[in-house]
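Summary of structural features
The residues making up each chain are set out below.
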Amino acid sequence: MIQVPSEDLRILLESGYLYLGMQRYKEAKEVFEGVVVLAPKSEVPLVALGNVYCVQAKFEQAIKTYKEALDLDPKSAFAMAYMGEALFFKGDKEKAVEALDKASKLDPDGKSGDFARSLLDLIKKGFTPVVAPQK
C-alpha cells in the first residue's frame, strides 16, 4: 500500500469538493473514489463520495455509501449527520431524526453536531423538502 501524507489527502479531498461545487459530478466522484482507495480506513472520503450522490438526488446510493462509512467508524458524527440529511431529503423523516439526534449527541460541540442540530431545527420548524425522484 502506498503511504500518502495526510496533507496530500486533504488537498485531494478539497479538489473533489471543488469539482462538486462546479457540478462536475463525474470528476468529483472519481477523485473521491481515488481517495477511498488511498485511505481505506477513513470514513471521510466515503462521506465525500456519498455527498456526490446526495446532491444529485441519488439518495439510495448516498445512504449506502454513508453506511459504508459508518461501518468503518460507527461513532462518526460526520457520517451520521450526512446520513440523516440523505434520509431527510429522501423523505424518511423518522429515520432522519434518529440519525441526526445520534450525530448531535456524538458531537455536542463540533461542526458535525452543529450541522445535525441545524437540520433538526428545520424539521422541528416544519420544513419539508420536495422529495426529488431518484435519478
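The preceding data block contains the structure.
Attention in this report is confined to the structure presented alongside it. (Residues numbered from 1 in each chain as written. Predicted model: local features only at pLDDT ≥ 70, side-chain atom pairs only at ≥ 80, totals over all residues. Heavy atoms only, no water.)

1. Details of the pattern of salt bridges
What the rule picks out here adds up to seven salt bridges. Its salt-bridge partner being Glu-33, residue Lys-29 comes within 2.9 Å of it at the nearest N-O pair. Of this pair, Lys-29 and Glu-33 both sit in helix H2 (residues 25-38), four residues apart, roughly one helical turn. Taking relative accessible area as the criterion, Glu-33 reaches 31% and is therefore assigned partly exposed. (Salt bridge = Lys/Arg side-chain N within 4 Å of Asp/Glu carboxyl O. Helix = DSSP H or I, 4+ residues; strand = E, 2+ residues; numbered from the N terminus. Buried < 20%, exposed > 50% of the residue type's maximum accessible area, 1.4 Å probe, protein only.)

2. Digging into the side chain of Ser-112
Structurally, Ser-112 is set in helix H7 (residues 111-124). The buried category is assigned to Ser-112, whose relative accessible area is 14%. Setting aside residues up to four positions removed in sequence, Ser-112 forms contacts with Ala-77, Phe-78, Ala-81 and Asp-107. (Contact = heavy atoms within 4.5 Å.)

3. A few points about helix H4 (residues 59-72)
Along an α-helix, a turn takes 3.6 residues, which lines up residues three or four apart on a common side. With 14 residues, H4 should reach 20 Å at 1.5 Å per residue; the first-to-last C-alpha distance of 20 Å fits that figure. If you check which residues of H4 are buried, you get Phe-59, Ala-62, Ile-63, Thr-65, Tyr-66, Ala-69 and Leu-70. Along H4, the residues classed as buried sweep out an arc of 165° about the axis, all on the same side. Structurally, H4 contributes buried residues whose contacts are with helix H3 (44-55) and helix H5 (77-90). (Expected span 1.5 Å × (residues − 1). Arc of directions from axis to C-beta.)

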